[in-house]
Amino acid sequence: RFDPAHDAFKKFDHTTHVKTVSSTKSSEQRRIRTTLCELYPPLATFLSSDEVKGGLKVAKCVGGIKLLVLNGEPLFFQLDEEGPYIPHLKLLHRFPDALPRWQTDQGAIKPVVAGAKVMCPGLRSEDSMMEDAP
């Protein structure tokens, strides 16, 4: 099934996929930062820093995707207007504790990396671990 919102990330090129990049009003930035702090409490300190307060921009892309960008680096993306903000992989590399961690046995790594759907009942071995999500 063709889905332009998801297909846009397969070979994303900012020169062809980004329609507009604009600064947001300070009230809109506050609303976005408040929403993000509620969704991702470990990022609250970073999101309330002066760096983020002044430089947050919104890039509107093809397929209705919105990117929150800071100094040219994507922080979050949103697949549609009502959807949640999802952390970009670059942000997760910078703040690895932003999301709950899961740990499973060696045998599950290859299927998960290949895209297998993960269900909690599969975390059964004695060295498996899953943090509580907020």
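Quick caveat, the model's predicted, so the values are computed rather than measured.

Participant: Describe in detail the pattern of salt bridges, supporting the description with residues and values.
Facilitator: The full count for this structure, using the stated rule, is three salt bridges. With a closest N to O distance of 3.9 Å, E81 and K66 form a salt bridge. Residue E81 is located in the loop between β4 (73-78) and β5 (86-87), and its partner K66 is located in strand β3 (residues 66-70); the two are separated by 15 residues in the primary sequence. For K66, a relative accessible area of 12% translates into the label buried. Where E73 meets K90, a salt bridge forms, and the shortest distance between an N and an O atom there is 3.7 Å. Placement of the pair is E73 in strand β4 and K90 in helix α6 (residues 89-94), with a sequence separation of 17 residues. With relative accessibility at 46%, the residue K90 sits in the partly exposed group.

Participant: So, helix α3 (residues 26-39): which residues are in play, and what are the values?
Facilitator: The end-to-end C-alpha distance of α3, which contains 14 residues, comes to 20 Å, matching closely the 20 Å that a straight helix rising 1.5 Å per residue would cover. Along α3, the residues that are buried comprise Q29, I32, R33 and L36. Looking straight down α3, one finds that the buried residues subtend no more than 100° of arc, so they occupy a single side. Where the residues of α3 are buried, they touch α4 (44-47), α5 (50-55), β2 (56-61), β3 and β4.

Participant: Before we move on, can you summarise the pairing of β3 with the specific residues and values?
Facilitator: Of all five residues in β3, five are buried, a share of seventy percent or more. Here β3 shows no split at all, with K66, L68 and L70 on one side and L67 and V69 on the other all buried. Two strands pair when backbone bridges link them, and β2 and β3 are joined in this way by five bridges, in the antiparallel orientation. When the bridges of β3 are listed, V58 appears paired with L68. In sequence, β2 turns back onto β3 through a hairpin of four residues, with G63 there showing a positive phi of about 80°.

Rules and cut-offs
- Every chain is numbered on its own, with residues counted from 1 as its sequence reads.
- Reporting in this predicted model follows two pLDDT cut-offs: at least 70 for local features of residues, and 80 or more for side-chain atom pairs to be given and counted; totals over whole chains, interfaces and linings ignore these cut-offs and use all residues.
- Hydrogen atoms and water are omitted, and side-chain values are computed over all heavy atoms in the structure.
- Each salt bridge in this description consists of a side-chain nitrogen of Lys or Arg and a carboxyl oxygen of Asp or Glu lying within 4 Å of one another.
- Helix and strand definitions follow DSSP, with helices as H or I runs of at least four residues and strands as E runs of at least two, each counted in order from the N terminus.
- Only protein chains enter the area calculation, which uses a 1.4 Å probe; residues under 20% of their type maximum are buried, those over 50% are exposed, and those in between are partly exposed.
- Here the expected length of a helix is defined as 1.5 Å per residue gap, with one fewer gap than residues.
- Throughout, the arc means the angular range of directions from the helix axis out to the C-beta atoms.
- By the convention used here, residues are in contact when the closest approach between their heavy atoms is within 4.5 Å.
- Note: two strands are recorded as paired if DSSP finds a minimum of 2 bridges between them.

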